[in-house]
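In case you want the letters, here they are:
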Amino acid sequence: MSKKTSALQAIKKMAEKSLAVSANSTTCTWVYQPKAPAALKKFSKIDK
């Protein structure tokens with residue numbers, strides 16, 4: 001077995017283990033985005 005093949009196999013195994021851990025864990029995320037003040041509307045380049 002050459003160094004290249006053994007390195008590729010090691011990388012593949014690490015990636016599979018990492019994906020298995022990520023797939024089996026759940027994450028709860030809560031994101032809060034406050035409302036922008038009305039005074040900042042004049043700086044917006046997007047017309048709505």
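Quick look at the structure, then. (Residues numbered from 1 in each chain as written. Predicted model: local features only at pLDDT ≥ 70, side-chain atom pairs only at ≥ 80, totals over all residues. Heavy atoms only, no water.)

**Some details on the overall build of the protein chain**
Okay, so step 1: Across its full length, the protein chain carries one helix and zero strands.
Okay, so step 2: Across the 48 residues that make up the protein chain, the buried fraction comes to 0%.
Okay, so step 3: For the protein chain, the accessible area works out to roughly 5400 Å², and carbon and sulfur atoms hold 62% of it. (Helix = DSSP H or I, 4+ residues; strand = E, 2+ residues; numbered from the N terminus. Buried < 20%, exposed > 50% of the residue type's maximum accessible area, 1.4 Å probe, protein only. Areas by Shrake-Rupley, 256 points an atom, 1.4 Å probe, with all protein chains shown as cover.)

**Considering a nonpolar patch on the surface**
Okay, so step 1: Together, Leu8, Ile11 and Met14 make up a nonpolar patch on the protein surface, roughly 330 Å² of accessible area in all.
Okay, so step 2: When you line up the elements, Ile11 lands in helix H1 (residues 3-24). (Patch = residues over 30% accessible without salt bridge, like charges linked within 9 Å, V, L, I, M, F, W, Y side chains within 5 Å. Salt bridge = Lys/Arg side-chain N within 4 Å of Asp/Glu carboxyl O.)

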